[in-house]
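What the coordinates show
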Amino acid sequence: DIQLTQSPSLLSASVGDRVTITCRASQGISSYLVWYQQKPGKAPKLLIYAASTLQSGVPSRFSGSGSGTEFTLTISSLQPEDFATYYCEQVNIYPLTFGGGTKVELK
Amino acid sequence: EVQLVESGGGLVQPGGSLRLSCAASGFIFSDHYMDWVRQAPGEGLEWVGRSRNKANSYTTEYAASVKGRFTISRDDSKNSVYLQVNSLQTEDTAVYYCARYQVSPYRFSDIWGQGTMVTVAS
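These lines cover the structure that appears in this document, whether it is placed above or below. Think of each chain on its own: its residues are numbered from 1, step by step along the sequence as written. Just so you know, chain letters begin at A and ligand numbers begin at 1, following the order they were written in. Given that this is a predicted model, residues contribute local features only at a pLDDT of at least 70 and side-chain atom pairs are listed and counted only at 80 or more, while totals for whole chains, interfaces and linings are drawn from all residues. Side-chain measures here rest on the full set of heavy atoms in the structure, leaving out hydrogens and waters.

**Considering the environment of Leu83(B)**
Helix and strand definitions follow DSSP, with helices as H or I runs of at least four residues and strands as E runs of at least two, each counted in order from the N terminus. With respect to the helices and strands, Leu83(B) occurs in strand 8 (residues 80–85). With 65 residues separating them along the chain, Leu83(B) and Leu18(B) place their C-alpha atoms 8.2 Å apart.

So, in C-alpha cells, the structure goes:
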C-alpha cells in the first residue's frame, strides 16, 4: 500500500498567516493527489484535485502543488473559517489511502 | 440539490452485522462510482471500498481490512448504494461516509454524505 505522511500533524497559526502543509508519498503517484478539509462533526470537503486544481467554489487562497512523491497545500492568508483538519489522499493505486491529517489550530 | 444521505448505523455486538444505506439525489446516480470511507472516533479517514458503475459492470474494490467481511452493492433504480458489514469487530467502530467518486478526466470524491455511526460493543 502507498503510505502518505503529512507534516506537521498539528499547526498553530494566526489569522492572516501563510500556512503550508506537506504530504509525502511512499512511492510515486504522479499527480493523483487530492486535498480535503474537515471540520468537527462534518464530512470532508473537497478542496483540490489532481494535486493543483482548485475545486469550484473553493477560495483562491487555497493552492496545491507537487507531483511524484511530494505535495503541498498552501493557504495564502488564513481565515477564521479555515481552522480545520486537512487530509491528503492518493487516488493512483488501490487501495486508496489518506494521510494522517494536519490539524490547523488558532495560535 | 446534489446530496447523499446515509442510514442504517447503530450499536451492534462483536460478530454482528449491519446494512448501511446511502441514498443519492440530484445527479445521475447510475453514471457514477460510489465509495465508502470510514473514520474511527478521533482518528483519520480510511477508504473502505468502491462500487463502479454499470458501464464498468458494477465491479467492486475493498480495503484489505474489510475484504471478505464487507460487501458493497447498489440499486440504480433506487439511486442507492449499500454496505453490508458482517463479522463486526470493535475496531470497525466508526462513522461511515458514502461519497460520489469522479473518475474521468480527474479522480476525486466531490460529494459526501453526513455519515452514519456504527458502534461495535458488547
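Alright, that's what it looks like, and here's the rest.
**A few points about the nonpolar core**
To define a nonpolar core, start from buried Ala, Val, Leu, Ile, Met, Phe, Trp, Tyr and Cys residues and group those joined through side-chain atoms within 4.5 Å. Remark: exposure states derive from per-residue accessible area (1.4 Å probe, protein chains only) relative to the maximum for the residue type, with buried under 20%, exposed over 50%, and partly exposed in between. Residues Phe98(A), Leu4(B), Trp36(B), Phe70(B), Leu83(B) and Tyr96(B) are the most contacted members of the largest nonpolar core, which totals 44 residues. Ranked by size, the runner-up nonpolar core spans 25 residues in total, among them Leu33(A), Leu73(A), Phe83(A) and Tyr86(A).

**Side note on the sheet that holds strand 7 (residues 70–75) of chain B**
All names here are of chain B. Taken in spatial order, the four strands of this open sheet run 1-3-8-7, and their pairing is antiparallel. Whereas interior strands pair on both sides, the edge strands pair on one side only; in this sheet they are strand 1 (3–7) and strand 7. Here the strands of the sheet are splayed against their neighbours by 20° on average, with no regard to which way each runs. Where strand 1 lies against strand 3 (residues 18–25), five bridges are found, and the strand directions are antiparallel. In the strand pairing of strand 3, Gln3 is matched with Ser25. Strands are labelled as partners when DSSP assigns at least two bridges between them. For helices, the axis comes from a line fit to the C-alpha atoms of the stretch in contact; other axes are also lines fit to C-alpha atoms, and the angle between any two N-to-C directions lies between 0 and 180 degrees.

**A short note on the interface of chain A and chain B**
Pairs of residues are marked as contacts when any of their non-hydrogen atoms sit within 4.5 Å. The interface is formed by 18 residues belonging to chain A together with 20 residues belonging to chain B. Take the accessible area each of two parts loses on contact, using a 1.4 Å probe, and add the two losses: that sum is the buried area. Taken over both partners, the interface formed by chain A and chain B buries close to 1700 Å², and the fraction arising from carbon and sulfur atoms is 63%. Salt bridges are counted wherever a side-chain nitrogen of Lys or Arg sits within 4 Å of a carboxyl oxygen of Asp or Glu. Where chain A meets chain B, there are zero salt bridges. For the purposes of these results, a polar contact is taken to be a pair of N or O atoms within 3.5 Å, where, inside protein, one atom must be able to donate a hydrogen and its partner to accept one; residues adjacent in sequence count only when each atom of the pair is a side-chain atom. Counting every contact that joins chain A to chain B gives nine residue pairs in polar contact (both at pLDDT 80 or more). Breaking the side of chain A that touches chain B down by element, the ones donating at least two residues are strand 4 (33–38) and strand 5 (45–49) of chain A. Among the elements that make up the side of chain A that touches chain B, the one with the highest residue count is strand 4 of chain A (three residues). By residue class, the composition of the side of chain A that touches chain B is 14 nonpolar, three polar and one charged. The residue classification treats Ala, Val, Leu, Ile, Met, Phe, Trp, Tyr, Cys and Pro as nonpolar and Asp, Glu, Lys and Arg as charged. All others, Gly included, are polar.

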